[in-house]
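Chain and residue survey
So you can see what is in the structure, the chains are spelled out below.
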Amino acid sequence: MVLLVLLGILLSCQPIPAAEVVDQVLATVDRAPILESDLILAGLVGLGEPGPVSPPLTREQRSRLLTHRIELQLEFEDLRSSGSLPGLEIDVEDEINRIFAAAGGEETLNHRLEKHHLSRQDVEALAFRIAATRAWVETSLRARVRVRPEDLEEAYRRELVIPLQARGQKAPPAATVEAELRRLVEEEKLNVLIQRWLDEARKSHEVLRFAP
């Protein structure tokens, strides 16, 4: 009997294994959580970055990727709450192809996904959000962009005349680079509208960030 009591005491004193953290909430947009796995996926597909970013992530990389992912979710939640989502033509398959291409190909990305316990379904869910916001930007925001002659003149001076004069070179005639300047100005004005959309969305949705 004494032996059984001692055995029970010894067993009760054994350290309890710590619970394994499967995933972690890094932020929320309204009630939608953004998880550690979402951050890893954002890195693997290079969301908002020049190219894929694989773990281990630096503190700066984590912060940037989390910001990109929060902004994407914020745009998506704004489209959903405003009722704009159902009316959009969302090409998810095209977005998935873009993601695979940017990540070095389907085989490469699938290997990285498996390594980090992610799947194609995770990619599809992310692609749907990206494709939805892209559709809104292209059909609604881009339609508001107007490029004036003075915008082209300013861009010509800023991008070509001043930098080339500083190097003792002459800028090409404005007419020969008008198409490129127009695309540049369009994207600049579009980015301003996107930022304005984000700023307005932040006023209507609750964003909680639990990680730096």
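All of the points below concern the structure found in this document. (Residues numbered from 1 in each chain as written. Predicted model: local features only at pLDDT ≥ 70, side-chain atom pairs only at ≥ 80, totals over all residues. Heavy atoms only, no water.)

When helices and strands are tallied, the protein shows 8 helices and 3 strands. Reading the protein from its N end, one meets helices and strands in the order α-β-β-α-α-α-α-α-α-α-β. Within the protein, contacts between residues separated by at least 24 positions form 71% of all contacts whose residues are at least 6 apart in sequence. When the accessible surface of the protein is summed, it comes to about 13400 Å², and 55% of that surface belongs to carbon and sulfur atoms. (Helix = DSSP H or I, 4+ residues; strand = E, 2+ residues; numbered from the N terminus. Contact = heavy atoms within 4.5 Å. Areas by Shrake-Rupley, 256 points an atom, 1.4 Å probe, with all protein chains shown as cover.)

Attention shifts here to unusual backbone geometry. Each neighbour pair has its own omega, and for Pro 55 with Pro 56 the value is 0 degrees, a cis peptide bond. Residue placement: Pro 56 occurs in the loop between helix H2 (36-44) and helix H3 (59-82). With a phi close to 55 degrees, Asp 30 is a non-glycine residue in the positive phi region. Relative to the helices and strands, Asp 30 is located in the loop between strand E1 (25-29) and strand E2 (32-35).

As a packed pair, H3 and helix H8 (residues 178-204) sit with axes 10 Å apart at the nearest point and diverge in direction by 75 degrees. Between H3 and H8, the angle falls in the class roughly perpendicular. The segment H3 lies against H8, with Glu 71, Leu 74, Glu 75, Asp 78 and Leu 79 engaging Ile 194, Trp 197, Leu 198, Ala 201 and Arg 202. Residue classes in the contact of H3 with H8 are distributed as 6 nonpolar, no polar and 4 charged. (Axes fitted to C-alpha atoms, helices over the stretch in contact; angles between N-to-C directions. Parallel < 35°, antiparallel > 145°, perpendicular 65-115°, else oblique. Nonpolar A, V, L, I, M, F, W, Y, C, P; charged D, E, K, R; others polar.)

Let's shift gears to the environment of Leu 184. Following the sequence through the fold, Leu 184 ends up in helix H8. With 29 residues separating them along the chain, Leu 184 and Ala 155 place their C-alpha atoms 8.2 Å apart. The residues contacting Leu 184, other than those within four sequence positions of it, are Arg 158 and Glu 159.

Time to look at a nonpolar patch on the surface. A cluster of nonpolar residues, Val 25, Leu 208 and Phe 210, forms a patch on the protein surface that exposes about 260 Å² of accessible area. Tracing the backbone shows Leu 208 in strand E3 (residues 207-209). (Patch = residues over 30% accessible without salt bridge, like charges linked within 9 Å, V, L, I, M, F, W, Y side chains within 5 Å. Salt bridge = Lys/Arg side-chain N within 4 Å of Asp/Glu carboxyl O.)

Let's shift gears to the pattern of salt bridges. Throughout the structure, instances matching the rule amount to 21 salt bridges. For the salt bridge of Glu 71 with Arg 202, the shortest nitrogen-to-oxygen distance reads 3.4 Å. One end of the pair, Glu 71, is in helix H3; the other, Arg 202, is in helix H8, and 131 residues separate them in sequence. For Arg 202, a relative accessible area of 39% corresponds to the partly exposed category. (Buried < 20%, exposed > 50% of the residue type's maximum accessible area, 1.4 Å probe, protein only.)

Right, let's get into the pairing of E2. The two faces of E2 differ: Ala 32 and Ile 34 on one face are buried, but Pro 33 and Leu 35 on the other face are not. Between E1 and E2, which follow one another and run antiparallel, lie 2 residues, and Asp 30 among them has a positive phi close to 55 degrees. (Pairing = 2+ DSSP bridges.)

Turning our eyes to something else, we now look at the nonpolar core. Counting 32 residues, the largest nonpolar core has Leu 41, Val 45, Leu 66, Ile 99, Leu 109 and Leu 113 as the members making the most contacts within it. Of all the secondary-structure elements, those providing two or more residues to this core are E1, H2, H3, helix H4 (92-102), helix H5 (106-115), helix H6 (120-141) and H8. Each residue touching Leu 109, except ones within four places of it in the same chain, is listed here: Leu 44, Val 45, Ile 99, Phe 100, Ala 103 and Val 123. (Core = buried A, V, L, I, M, F, W, Y, C linked by side-chain atoms within 4.5 Å.)

The 3 strands are arranged E2-E1-E3 in an open sheet whose pairing can be described as antiparallel. A strand with exactly one partner marks an edge of an open sheet, and here the two such strands are E2 and E3. On average, each strand axis in the sheet is tilted by 20 degrees relative to the strand beside it, whichever way the strands run. Where E1 lies against E2, 4 bridges are found, and the strand directions are antiparallel. The residue bridging Ala 27 from the neighbouring strand is Ile 34, located in E2. Together, E1, E2 and E3 form the strand contacts of H3, whose direction differs from that of E1 by roughly 30 degrees.

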